[in-house]
Amino acid sequence: AALHVTSRWAERPYSKMAAPMELYCWRGDWGLPSADLDCLTVLTYAKFSGAPLKVHKLWNPWRSPSGRLPALKTRQDGVIFQTSKIITHLKKQKYNADYDLSAKQAADTLAFISLLEEKLLPALIHTFWVDAKNYVDHTRKWYAETIPFPLNFFIPNQMHKRHLERLQLIRGESWREDDETLEKQLYTDALECLTLLSQRLGTHRFFFGDSPASLDAYIFSHLALVLNVKLPSSRLQQHLRSLPNLCQYCASILTIYFTRDGETFPRLSPKSPTAESSDYEEEPNKRRNQILSVAVGLLAMVGYALLSGIVSIQRVSEDKAVELGLALEEDEED
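Nothing here was measured: the structure is a model prediction, and the numbers come from that model.

Draft legend 1. Quick look at the packing of helix 6 (residues 180–201) against helix 9 (residues 244–258). Put simply, helix 6 and helix 9 touch, their axes get as near as 9 Å, and they point 75 degrees apart. The orientation of helix 6 relative to helix 9 falls into the category roughly perpendicular. For the pair helix 6 and helix 9, the contacting residues are Leu194, Leu197, Ser198 and Leu201 in the first and Asn245, Leu246 and Tyr249 in the second. A breakdown of the residues in the contact of helix 6 with helix 9 according to their chemical character gives five nonpolar, two polar and no charged.

In structure tokens, the structure reads:
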């Protein structure tokens, strides 16, 4: 019976979308349809709401029309690239997984999403992007292997900086990366949040009964990354595995919504140049991406040459320049 759970809108008279929509997102790994938290949230919500999106799963965010992932390309409203705005747009297109929620459930949705962003998300960012061992041995390594050369020298650093800024924004100016007390509080808040979610779910299939809502898309995406990714160090994963109802919750969503028609997500291998080229031909903005790739490659090579000492730039004073000029003139006369 569980395998026949459908979204609230799957049987409603909206078989066609008002306008064709295309979703650009990171490709999946570790048994997940996407390796990125925000992309996974949008993909899951689209499944819950029955939105028939054309999905482009990419290795490189610069292939997105906005240069960021996730991004939703629409005919009427252009490109939308923030998770909450993408979900809001899908709701406006009559793909609303929250259609049957009561006023209280709608308020609870906002409250729990805020709880995730304030309590669980900071620890998730710290686990993947700040924890030195996880970042070096897993996160940076994964992106360096999947993003094509030469962008894999540049994009992971850009993403790292963006996540640190996001963490700083959530935790406030008091946050310091090397403050052990603040780090301990960050994980304490996250573990308490997981326990609260477990208590709230109880024995229910989803957080508001037998049908999934937008809250389930947010919660699933946060939990699935913690649960599925094999990290060298993960306090969150250890605690989550001690909460069997949340583990079953994630497994059920993956089974019901992401394994139909043979859709599975095995562990990926580093991408081959041939596969990269073949996939690249199918993506938009080819000319722009080629120019950007060449430009970044040149910058990377120049930067490497400067940092390694192959090329050096020396500044000289005006008097020194005159002396060098006179010396060159004497050499020419000789």
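Draft legend 2. Inspection of helix 2 (residues 83–92) at higher detail. Buried within helix 2 we find Thr83, Ile86, Ile87, His89 and Leu90. For helix 2, the angular spread of buried residues about the axis comes to 155 degrees, placing them on one side. Tucked into the core, helix 2 has its buried residues touching strand 1 (21–26), helix 1 (37–49), strand 3 (71–74), strand 4 (79–80) and helix 7 (214–228). Lysine 94 occupies a position one or two residues after helix 2 and carries a positive phi of about 75 degrees.

Draft legend 3. Geometry of the packing of helix 3 (residues 103–130) against helix 7. Orientation of helix 3 relative to helix 7, taken along the N-to-C sense of each, is 15 degrees, at an axis distance of 11 Å. With respect to helix 7, the axis of helix 3 lies roughly parallel. Both helix 3 and helix 7 take part in a crossing whose hand is left-handed. Taken together, the residues of helix 7 that come into contact with helix 3 (itself represented by Thr109, Phe112, Ile113, Leu116, Leu120, Leu121, Leu124 and Phe128) are Ser214, Leu215, Tyr218, Ile219, His222, Leu223, Leu225 and Val226. Its residues assigned to classes, the contact of helix 3 with helix 7 shows 13 nonpolar, three polar and no charged.

Draft legend 4. Region of the structure containing helix 9. For helix 9, spanning 15 residues, the distance from its first C-alpha to its last is 21 Å, which sits close to the expected 21 Å at 1.5 Å a residue. Considered for burial, the residues of helix 9 that qualify are Asn245, Leu246, Cys247, Tyr249, Cys250, Ile253, Leu254, Ile256, Tyr257 and Phe258. Residues of helix 9 that are buried in the fold lie against helix 1, helix 6, helix 7 and helix 8 (235–240).

Draft legend 5. Spotlight on the environment of leucine 169. Residue position: leucine 169 is located in helix 5 (residues 155–171). Residue leucine 169 is classed as exposed on the basis of its relative accessible area, which comes to 73%. Residues leucine 169 and proline 122, spaced 47 residues apart in sequence, show a C-alpha to C-alpha distance of 9.9 Å.

Draft legend 6. Inspection of the packing of aromatic side chains at higher detail. One pass over the structure, following the stated rule, counts 11 aromatic pairs. Ring geometry for phenylalanine 48 versus phenylalanine 206: centroids 6.4 Å apart, planes at 70 degrees, classification edge-to-face. A residue pair is termed long-range when its members are at least 10 positions apart, and phenylalanine 48 in helix 1 and phenylalanine 206 in the loop between helix 6 and helix 7 qualify at 158 residues. Overall, phenylalanine 206 belongs to the buried group, its relative accessible area being 2%. Ring geometry for tryptophan 129 and tyrosine 135: centres 6.0 Å apart, planes at 45 degrees, overall tilted. Here the two residues tryptophan 129 and tyrosine 135 agree in accessibility, since each one is buried. For arginine 235, the ring lying beneath its charged end belongs to tyrosine 187, and the centroid distance is 3.9 Å.

Draft legend 7. Structural view of the pairing of strand 2 (residues 54–58). Alignment of strand 1 against strand 2, held across five bridges, turns out to be parallel. What sits directly across from leucine 23, in strand 2, is valine 55. Taken together, strand 1, helix 1 and strand 2 form a β-α-β motif whose crossover is right-handed.

Draft legend 8. Fine view of the pairing of strand 1. The element strand 1 is extensively covered by neighbouring structure, given that five of its six residues are classed as buried. Direction of pairing for strand 1 relative to strand 3: antiparallel, over a ladder of four bridges. Opposite leucine 23, over in strand 3, you have leucine 72 as the bridge partner.

Draft legend 9. Region of interest: the sheet that holds strand 3. Strand order across the open sheet formed by four strands is 2-1-3-4, with mixed pairing between neighbours. Two strands in the sheet have a free side with no partner beyond their single neighbour: strand 2 and strand 4.

Draft legend 10. Representation of the confidence of the model for the protein in the model. Here the protein shows a mean pLDDT of 80. Residues at 70 or above account for 70%. Mean pLDDT across the secondary structure elements of the protein bottoms out at helix 10 (residues 273–281), with 37, and peaks at helix 7, with 97. Contacts from residues 1–19, a stretch scored under 50 in pLDDT, to residues over four places away or in other chains number 48 contacts. Considering only residues more than four positions removed or in separate chains, one finds that residues 264–284, a stretch of pLDDT under 50, has 40 contacts.

About the cut-offs
Residues numbered from 1 in each chain as written. Predicted model: local features only at pLDDT ≥ 70, side-chain atom pairs only at ≥ 80, totals over all residues. Heavy atoms only, no water. Axes fitted to C-alpha atoms, helices over the stretch in contact; angles between N-to-C directions. Helix = DSSP H or I, 4+ residues; strand = E, 2+ residues; numbered from the N terminus. Parallel < 35°, antiparallel > 145°, perpendicular 65-115°, else oblique. Contact = heavy atoms within 4.5 Å. Nonpolar A, V, L, I, M, F, W, Y, C, P; charged D, E, K, R; others polar. Buried < 20%, exposed > 50% of the residue type's maximum accessible area, 1.4 Å probe, protein only. Arc of directions from axis to C-beta. Left-handed = near helix turned anticlockwise from the far one by under 90°. Expected span 1.5 Å × (residues − 1). Phe/Tyr/Trp six-rings, centres within 6.5 Å; stacked < 30°, edge-to-face > 60°. Lys NZ or Arg CZ within 6 Å of the ring centre and 35° of its normal. Pairing = 2+ DSSP bridges. Right-handed = clockwise from strand over helix to strand, strands pointing away. pLDDT = per-residue confidence, 0-100.

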